[in-house]
Amino acid sequence: MSTLKDLNAHLFAQLDRLANADKADLDVEVKRAQTVAQVSEKIIDAHKTQIDAVKLVAQYKGLNTNQEVPKIALGDMNVSV
């Protein structure tokens, strides 16, 4: 899983597992869903931070020559304008 689209698919798959869990497996699926939700929250927070960085660079340095917002590489803050 490396994109927000993948994360979204994973979250919906977990919802399906919760909805289809039998009584014996429900506790395990609830714990798994809680863990997935916690990890997902951290991933989303990291993406929000990257978006905020792009906004700041665009605000203070402006758009690049193609009138596009600055690019920030996923996983690092390598900004190119």
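Predicted model only: the values in this text are computed from it and were never measured.

Regarding the overall build of the protein
Here comes step 1: In terms of helices and strands, the protein carries two helices and two strands.
Here comes step 2: Moving toward the C terminus, one meets the helices and strands of the protein in the order α-α-β-β.
Here comes step 3: In the protein, which comprises 81 residues, the share counted as buried stands at 19%.
Here comes step 4: Counting only contacts in the protein whose residues sit at least 6 apart along the sequence, the fraction spanning at least 24 positions is 31%.
Here comes step 5: Accessible area of the protein: about 6300 Å², with a carbon and sulfur share of 57%.

A closer look at the confidence of the model for the protein
Here comes step 1: This prediction gives the protein a mean pLDDT of 81; 75% of its residues lie at or above 70.
Here comes step 2: No element of the protein has a lower mean pLDDT than strand β2 (residues 79–80), at 48, and none a higher one than helix α1 (residues 4–20), at 92.

A short note on the pattern of salt bridges
A side chain with one charge can pair with a side chain of the opposite charge if their charged atoms come near.
Here comes step 1: Enumeration according to the criterion identifies two salt bridges in this entry.
Here comes step 2: For arginine 17, the salt bridge goes to glutamate 29, with nearest N and O atoms at 3.7 Å. One end of the pair, arginine 17, is in helix α1; the other, glutamate 29, is in helix α2 (residues 26–61), and twelve residues separate them in sequence.
Here comes step 3: For arginine 17, a relative accessible area of 29% puts it in the partly exposed group.
Here comes step 4: On the basis of relative accessibility, which here comes to 10%, the residue glutamate 29 falls in the buried class.

Rules and cut-offs
Residues numbered from 1 in each chain as written. Predicted model: local features only at pLDDT ≥ 70, side-chain atom pairs only at ≥ 80, totals over all residues. Heavy atoms only, no water. Helix = DSSP H or I, 4+ residues; strand = E, 2+ residues; numbered from the N terminus. Buried < 20%, exposed > 50% of the residue type's maximum accessible area, 1.4 Å probe, protein only. Contact = heavy atoms within 4.5 Å. Areas by Shrake-Rupley, 256 points an atom, 1.4 Å probe, with all protein chains shown as cover. pLDDT = per-residue confidence, 0-100. Salt bridge = Lys/Arg side-chain N within 4 Å of Asp/Glu carboxyl O.

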